Amino acid sequence: MISHQYQALELPKKILSTTWKFHIFTGILLNFVNPTLAFALNLPKFCPTAAWDRTAITFADQLVVGGYPAAMFINTNNTIYVVHRQRRQILIWDENSTMPTKMISGNFSDSPSIFVTQNGDIYINNAAEHERVQRWISKNETFTTVMNMNSSCYGLFVDVNDSLYCSINDEHVVVKKSLHDLEMKPIPVAGIGTPGSASDELSKPGGIFVDVNFDLYVTDCVNDRIQLFPLRESNGITVVGGNLSSRTILLDCPRAVILDAQKYLFIVDRLNHRIIGEGLYGFRCLVGCYGLGSQSNQLVRPFALSFDRSGNIFVGDTGNSRIQKFLFQDSSCVNSSNQLKLCPTATWDRTAITFANESVVGRYPTTMFINTNNTIYVVHRQRRQILIWNENSTMPTKIISGNFSNPSSIFVTQNGDIYINDNTKKDRIQKWIAKNETFVTVMNFRSNCYSLFVDVNDSLYCSMNKEHEVVKKSLHDLEMKPISVAGMGVPGSASDKLNTPGGIFVDVNFDLYVTDCVNDRIQLFPLRESNGITVVGGNLSSRTILLDCPRAVILDAQKYLFIVDRLNHRIIGEGLYGFRCLVGCYGLGWQSNQLLYSIGFSFDRFGNIFIRDYENHLIQKFLFIESSCDIVPNQPKFCSTAIWRRDGFTFANETILGSQPRTMAIDAKDSVYSIHSERNELLIWRNNNYDSIESFSSNFSNPASIFVTMNDAVYIDNGNSNRQVQKWMLKANKSSIAMHVPSSCWQLFIDPLDNIYCSLFEYHQVIKRPLHNDQMATSIVAGSNRKGSAPNTLDHPKGIFVEVKFNLYVADCGNNRIQLFVPRESDDTSSITNMPYQSSMTFTSQMYFRRCNFEKFYYEAFEISVSETYYYTIYSSSNTNTNLYGCIYENNFNPLAPYENLLAQNDDISKTNRQFKLRIPLYVNTTYILIVTTSSPEDNGEFTFSFLGLKDINIKHQTTLANIQQEYSSEFTFNTAMFYRDCRIPKCYYESLEINVITTGIYVLWSESHIHIYGYIYENDFDPLKTSDYLRFEHDGTFVTTYYPYTMGKFSIFISGPNNISLNRFSPKFSSCIVGDQCNFYVKSIGLTLDDILHDELRSNKPLNDQSISIKFSAVLTIIMFIAGLINSFFSFLTFKSKDVQQVGCGLYLLASSVTSLLTITMFAIKFGFLVITRMNVSMISLSVFQKGCKFIELMLKVFLYSDNWLNGCVAIERAFHIYKGININKKKSKRIARWIILILPFFIMGTFTHELIFRKAFEYPSEISRNESNQTFMNRTNEGISYRPIQCITEYPHSVQYYNTFILFFHLIVPFIANLCSALIIIFGAARQRSKAQKGKQKYIDHVRAQLIEHKQLIISPILLLTLSSPRLVIASLPGCVKISEYLWLYLLGYFISFTPSVLVFIIFVFPSKLYMKTFKQSLNIERWRIHR
């Protein structure tokens, strides 16, 4: 059978109709080169759940920045620039400064824009008076004009090519000019100069942004959209707002736009008074989400937006004349488990659903984990298996078997790695690595680990209940032994002791929470504190809650605690109002609302609670009741005997309220609201304080009712005179019309869905209107235009109340009764049931990726519309075993983006009939798309669905294909290209394709094959040796590339999208200008080592006979050079140890050179042998030995080699000096200087190369196996452990260190070279000139030169030989460009060997040409012979 592997992949809508390079391969993933490095501003990379504190800190108010600040900029150093428009100053804050540290005054006026480049130059608009853009040059602190235009620049931007962009608001155009161009006049790049909404037009453009691809993003204010203008394109593409509002988000005059590192957009939505952001899940409001106002969580007409490098958002809050700082919440990204933010009234269904019983999870389930993807992990203790459920799965979708026994804890990190305690071999924790699906041991301990936790710093915690302590270790530390962080190892109740600790939790501040079972408490151990703090239970039981052996603890996003109270058989939670029982509140037992010795629980991302019901052998699921957060405030829960004092006291009298007060409301903060009917004033007593009254006057007349919401909005009846209900936002002191009414509303009410209700006393009915709908139309929900006593009529209704289930209670005054109106369901005779609509899903139905993973679902689409706005119920039925799933979308359904426009989804409302039920408000003049699909992939069958509502619903079956599908097939064979997909495993086959996209949009790509595959997608180009460049996507199972090494087989690729796509084979060009391969490569132009030159020549695990000719040649040459060097150094040492040649410093230098030459050639031979042996037979060398050899052998070789070079240079200098001084030379001083130089020189050279100790390292290649072996063989051998792992010694320098290294190498190479050259010239020409002057007229100057050559030939031959031998290396090092070893191997190899010949030929260079030294050598040789034969 062929297994099917699918992966949905969205190509962002901002991608243009351009040529894509789509590469299917198995290469290494290097870190993506962040394009933001080219920018002067901060473009952070955020997680999908990134969040900011909605309450801002005022960074600078009007006293500092003046009125209406518009221009603001933050660079990558966190330096903040703000323009004070009134003072014509640029205010500058250094990082962490609270007040400006610098002020720049200039002749600019009313500047709305500013941009600062990386070198600190400031570009500022100065068009209000002078029609120009000025540049403040940081180097000399002066202003110059760089651009002239006809109007003000609302946005400035300098791209990475130093082009300056200006959006001219009044001329509806964006222009640019190169800063390197002396011409002041810019050229247009967007807009045509007249306002309009066409793709090539703009209307009042504002902020702009240019990315590294030179794509221009423009905020198009009047058109309420963001336009993208690709490079050299005059037609823009709407990416947000405009005609895409229903698919993205609705904008109202956007004024600024920024892209983050992932090209997600962040926008200042000016007239909506908010900042919105894009992410993996679409657009959302980030800050300023509470309407316009001056509170710290509100904005008024914001103008500018910037990130600091910590991700905090700075907003130019223009209308409030301030700069606001919204702090990025680090905790929003870090946890692999679900930490929800729950409302104070959060409630769960007390009756559980059994998620898994004993037949699935075995007996006594102890371990469970739910990650943020809603993947559930449970350990089957008896079968030694980890069971994994993907989201919405009812049975395990994956099972991992392992050699662990009776585990009690499990933890899953964000990358999917699983940590599990194992008692098979006592004292260990195992890690299952998700990437290669293998187990390794990461920690040893003394006893069973009851609970595990991995914090955000990758420290692993273990609570040892039998040892009464909690320990931890860093996962980056190779040491297996952990350290104690809580408890003393003995039981006790003191603050530093624990007694049988259980569950643990570590928050983002690294504070440790421990369930202390026997002490019935929760202990908090702050970071680095050994004394715990009791936060729940124990001696705080009377103030918190009484615990009985707590066994697990979790913190939510607000740091409220949720606890398994084991021996009380319940789950308790903390909230705004303290602790309370959440579930299991009916005592121990086996009923669905009871628990029996539960030991752990987890939240899913929807807030549902999953509990390990230990002795019932179940995993129980308690559903979170979403509507519990919508409860109207001040609905207390009273006991059955509750009573109130019969004698009340007067809160407010006629003097305060006037006569016949009719209205009153109390909000959640116990503030009391009422209306003084005679003065038409709103009176407020804050926080039930009747000594202080606030009053607000307006144009309402004799209001009958008032209602206050949780966001402090006050709704006041004004129907008596103005026929409307007014909404007041008191903080902003603004009012608006909330509802039109025919008469006064006796009572107002707003339900949890923001529907406003009005009881019309005179019209005998209750009406309502959705507040989130722009249409002001109302609908009747109770009564009619005529009074009556029938169930569907009312007689002068007054008070009303709507509870969370939307049941409406009405005080029917004329009938002396309270009427309950239930929302219209199937049992309501007044509702209309549409005729059932029948259809089916078959193998010919359309398919889509509902969960954006590898699972495909059949679906049918239906277009629906309604004639009256109301709540409608859609429910399904099926006569087959098909498990149906329903989704409803607004306006449009895109199967390639199933989360766009999604309003509601539901499946399996009853475990018996497997149907869906949707209850949702539908509005007139809106088109909805109902999608009927299945819960299980590739399921099909017949189905029926029906509607309940006030009116008939129009239904139309959609049959038009939503996408076009194409297929490409190929096969991996022996001839397919290979390289390292992951440098931890051997080579894999790969194939690369080129994709040409005709239509911009979202595309889905997937594959089918019987082999495990891996894939990547690149933009514009692909280099197999630089796999991080241009990388856009990667995914396991997306495209055909083998996951395991040396795997061959056939595959097919499918691409689905809005238009045809061309797929063609693509042959990438490898980079030749590198040393190494894609697992480790670097560019070099100087400082080649033997490792670099022979990197590709050495054949791993092969004997010398099977090596290349270059290796054999190098081995023979090394042996010859070593023997020759040994002989030369010995003869040279015999010569210069004589006292006769040590009369001056030259003899000492040559003696030292004899020693360093011997050391150099010896270390050279060791270096070559070490390199060859470690590559030919890795098993002979341990990794630690290799690492030390890698670091120190090359370093010592360079120290000895360059010491020898410098000593030879010193010899040349000494000889030249000697010739120059003649008989006047001070021999004692010369010797003294020589001794100091010989002593200092090695330490000096070693000091210049200390950076090599830091940056030289051992790189371990993956184990190679035969290409005939299967991936299963590889997995087996991986589990057994493969001893053969080739290792390479590499050097990777940062740019700054690379520059230093190049300088040092040239310094040690050129200075001795120049010393030898200059000394030879001085010896010849200097002495000749001296003699020519002394013997004027007797002999020509050229004759003196010849005489000097003859007389001092022994002094000239040495430096000439040294110059000749040094020249090849100097020439190679000076070649332009980078090293191309593969093309010029023999050039670099011979040049390298020649550089060591001075050390090999020291005797021939210095002794052989000199009669004196040869005479001394013969005398020393005779003396040694005499000693031997004596």
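Residues numbered from 1 in each chain as written. Predicted model: local features only at pLDDT ≥ 70, side-chain atom pairs only at ≥ 80, totals over all residues. Heavy atoms only, no water.

Overview of the overall build of the chain
Selection criterion: Each helix corresponds to a stretch of at least 4 residues labelled H or I by DSSP, and each strand to a stretch of at least 2 residues labelled E; elements are numbered beginning at the N terminus. For the area figures, the Shrake-Rupley method with a 1.4 Å probe applies, and any residue is considered shielded solely by the protein chains shown.
A count of helical and extended segments in the chain gives 19 helices and 91 strands. As displayed, the chain has an accessible area near 63,600 Å², and 52% of this comes from carbon and sulfur atoms.

Digging into the packing of aromatic side chains
Put simply, the rule reads: Put simply, two rings from Phe, Tyr or Trp (the six-membered ring, in Trp's case) pair if the centres are within 6.5 Å, and we call them stacked under 30 degrees between planes, edge-to-face over 60, tilted for the rest. Partly exposed describes any residue whose relative accessible area lies between the buried limit of under 20% and the exposed limit of over 50%, with all areas from a 1.4 Å probe on protein chains only and scaled to the type maximum. For a lysine, the NZ atom is tested; for an arginine, the CZ atom; a charge sits over a ring if that atom is within 6 Å of the ring centre and within 35 degrees of the ring normal.
For the structure shown, the criterion picks out 42 aromatic pairs. Ring centres 5.1 Å apart and planes at 55 degrees place the aromatic pair F355 and W389 in the tilted group. With a gap of 34 residues between them, F355 in strand β28 (residues 353–356) and W389 in strand β31 (residues 385–389) connect regions that are remote in the sequence. For the residue pair F355 and W389, the accessibility class agrees, reading buried in each case. Considering the side-chain rings of F1164 and F1393, the 5.4 Å spacing of their centres and the 85 degrees angle between planes classify their relative orientation as edge-to-face. Here F1164, found in helix α8 (residues 1145–1176), pairs with F1393, found in helix α16 (residues 1385–1394); they are 229 residues apart in sequence, far enough to count as distant. Across the pair, exposure class does not vary: F1164 and F1393 are buried alike. The ring centre of W746 lies 4.8 Å from the NZ or CZ of R662, which sits over that ring.

Quick look at the nonpolar core
The nonpolar side chains of a soluble globular protein tend to be buried, and buried together. The test is simple: Here, nonpolar core refers to any group of buried Ala, Val, Leu, Ile, Met, Phe, Trp, Tyr and Cys residues whose side-chain atoms link them within 4.5 Å. By the convention used here, residues are in contact when the closest approach between their heavy atoms is within 4.5 Å.
The biggest cluster of nonpolar side chains holds 73 residues, and the ones touching the most others in it are W52, I90, F209, L216, V240 and L265. Beyond its immediate stretch of four places on either side in the chain, L216 contacts Y165, V174, V189, A190, I208, F209, V210, Q227, L228 and F229. Ranked by size, the runner-up nonpolar core spans 69 residues in total, among them F404, I410, I522 and V553.

Brief notes about the sheet that holds strand β58 (residues 713–718)
Let me state the cut-off plainly: At least two bridges found by DSSP between two strands is the condition for calling them paired. Axes, fitted as lines to C-alpha atoms, cover a helix only where it is in contact. Angles between the N-to-C directions of the axes lie from 0 to 180 degrees.
On the basis of which strands lie adjacent, the open sheet formed by 4 strands has the order β57-β58-β59-β60 and antiparallel pairing. Where the open sheet ends on each side, the last strands, each with one partner, are β57 (706–708) and β60 (734–740). Taking the axes of each pair of neighbouring strands and ignoring which way they run, one obtains an average angle of 25 degrees across the sheet. Here β57 runs beside β58; their pairing, made up of 3 bridges, is antiparallel. Paired with F707 across the bridge in β58 is Y715.

What to know about the pairing of strand β11 (residues 142–148)
Here strand β10 (residues 132–137) pairs with β11 via 6 bridges, running antiparallel. Of the residues in β11, the one forming a bridge with R132 is N148. Hairpin remark: β10 followed by β11, antiparallel, with 4 residues in the connecting loop; positive phi at E141, about 55 degrees.

Side note on the side chain of S306
Here S306 lies in strand β24 (residues 304–307). Assessed through its relative accessible area of 7%, S306 is described here as buried. Excluding residues that lie within four positions of it along the chain, S306 makes contacts with M72, F73, I74, I258, N312, I313 and F314.

Focus: the state of the cysteines
We count it as follows: Any two cysteine sulfur atoms within 2.5 Å of one another count as a disulfide.
In total, this model carries 6 disulfides according to the counting rule given. Covalently, C153 is tied to C166 through a disulfide, its sulfur atoms 1.7 Å apart. What sets the handedness of the C153 and C166 disulfide is the S-S torsion sign, and at about -105 degrees it is left-handed. Of this pair, C153 sits in strand β12 (residues 153–158) while C166 is found in strand β13 (residues 163–168), placing the two residues 13 residues apart along the sequence. According to the relative accessible area criterion, C153 is buried, its value standing at 0%.

Some thoughts on the environment of M443
Inspection of the secondary structure assignment puts M443 in strand β36 (residues 438–443). Classification of M443 as buried rests on a relative accessible area of 0%. Here the alpha-carbon distance between M443 and Q430, two residues 13 residues apart in the chain, equals 7.4 Å.

Re the pairing of β58
Within β58, 6 of the 6 residues are buried, which leaves it mostly tucked inside the rest of the structure. Both faces of β58 are covered, namely the face carrying A713, Y715 and D717 and the face carrying V714, I716 and N718. Pairing of β58 with strand β59 (residues 724–729), which is carried by 6 bridges, proceeds in the antiparallel orientation. Each residue of the ladder has a partner; that of N718, found in β59, is Q724. Hairpin connection between β58 and β59: a loop of 5 residues separates the two successive antiparallel strands, and R723 in this loop has a positive phi of roughly 55 degrees.

Quick look at the environment of V1155
By the secondary structure assignment, V1155 is in helix α8. Distance from V1155 to S1129, taken between C-alpha atoms, is 6.9 Å for residues 26 residues apart in sequence.

Side note on the pattern of salt bridges
Our working rule: Salt bridges are defined as contacts in which a side-chain nitrogen from Lys or Arg sits within 4 Å of a carboxyl oxygen from Asp or Glu.
Going through the model one piece at a time under the given rule, you end up with 21 salt bridges. Salt-bridge contacts for R605 lead to E391; the nearest nitrogen and oxygen are separated by 2.6 Å. Of the two residues, R605 is situated in the loop between β49 (600–603) and β50 (609–613) and E391 in the loop between β31 and β32 (398–401); the sequence distance between them amounts to 214 residues. Taking the shortest distance from any N to any O, the salt bridge between D516 and R521 comes out at 2.7 Å. Here the two residues D516 and R521 agree in accessibility, since each one is buried.

Thoughts on a nonpolar patch on the surface
Quick reminder of the rule: Two distance rules govern patches: like charges are joined within 9 Å, and nonpolar side chains (Val, Leu, Ile, Met, Phe, Trp, Tyr) within 5 Å, applied only to residues with over 30% relative accessible area and no salt bridge.
Taken together, W1236, L1239, I1240, F1243 and F1244 make up a surface patch of nonpolar side chains, about 570 Å² in accessible area. You can call F1244 partly exposed: its relative accessible area is 38%.

Considering the sheet that holds strand β38 (residues 459–464)
Pairing is antiparallel in the open sheet, where 4 strands are placed in the order β37-β38-β39-β40. Because the sheet does not close on itself, it has two edges, and the strands there are β37 (451–454) and β40 (483–486). Sheet twist, expressed as the average angle between the axes of neighbouring strands with direction ignored, equals 30 degrees. Sheet topology places β38 next to strand β39 (residues 469–474); 6 bridges connect them, and they run antiparallel. Bridge pairing links L460 to K473 in β39.

Here's the deal with the confidence of the model for the chain
Applicable threshold: Scored from 0 to 100, pLDDT reflects the predictor's confidence in each residue.
When pLDDT is averaged along the chain, the result is 78, and 79% of the positions lie at 70 or above. Note that residues 1–38 has pLDDT below 50 and, in this model, 185 contacts with residues that lie over four places away or in other chains. Note on residues 825–832: pLDDT under 50 across the span, and 15 contacts to partners over four residues away in sequence or across chains.

Side note on the side chain of S1153
Quick reminder of the rule: N or O atoms within 3.5 Å of each other form a polar contact, as long as, within protein, one can give a hydrogen and the other can take it, and as long as residues adjacent in sequence are counted only when both atoms are side-chain atoms.
Mapped onto the elements, S1153 comes out in helix α8. Within the local environment of S1153, its side chain forms a polar contact with the side chain of D1204, the two groups lying 2.9 Å apart. What S1153 contacts, discounting residues up to four positions off in sequence, is D1204, L1207, N1208 and V1402.

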